[in-house]
Amino acid sequence: QVQLVESGGGLVQPGGSRRLSCVATRTIGASIRGWFRQAPGAQRELVATVTSGGTIRYADSAKGRFTISRNNAKNTADLQMNKLKPEDTGVYYCNLRRPVPPAMSSWGQGIQVTVSS
């Protein structure tokens, strides 16, 4: 099992920026790294994913404002969030998934991001 450790959450004003980081405790080969979020009373939703080969996918709400990146040598996946809005508030979860057998998926413990003045 791979453990994921998130950092970078906190309180930020509307229009501000925040960078979330996620470190995996070990490498697992080809994988998809992602960030998801869960607002109060809502389901967990995808924010952005990036494959080992660099293919990136964003939720419509993140396009143009968020940037996901990964460093395979350091086992990290970061989410740079700019122009933050109050509706970006929630618990952000890091995910690592291996889509090929033996398939596996790991989640971080979640980190709070609050966008408020």
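Predicted, not measured: the structure shown is a model, and the values here were computed from it.

**Description of the state of the cysteines**
Taken as a whole and judged by the stated rule, the model has 1 disulfide. Note that C22 is cross-linked by a disulfide to C94, the S-S spacing being 1.9 Å. Between C22 and C94, the S-S torsion sits near -80°, and that sign places the bridge as left-handed. On the criterion of sequence distance, the pair formed by C22 in strand β3 (residues 18-24) and C94 in strand β9 (residues 90-98) is long-range, its members being 72 residues apart. As far as the burial class goes, C22 and C94 line up, both buried.

**As for the nonpolar core**
Counting 25 residues, the largest nonpolar core has L20, W35, V47, F66, L79, M81 and Y92 as its most contacted members. Where this core is concerned, the elements lending two or more residues are β3, β5 (45-51), β7 (66-71), β8 (76-81), β9 and β11 (111-115). In this structure V47 touches W35, F36, R37, R57, Y58, A59, A62, F66, L79 and Y92, once residues within four positions along its chain are discounted.

Cut-offs and rules
Residues numbered from 1 in each chain as written. Predicted model: local features only at pLDDT ≥ 70, side-chain atom pairs only at ≥ 80, totals over all residues. Heavy atoms only, no water. Disulfide = S-S within 2.5 Å. Helix = DSSP H or I, 4+ residues; strand = E, 2+ residues; numbered from the N terminus. Buried < 20%, exposed > 50% of the residue type's maximum accessible area, 1.4 Å probe, protein only. Core = buried A, V, L, I, M, F, W, Y, C linked by side-chain atoms within 4.5 Å. Contact = heavy atoms within 4.5 Å.

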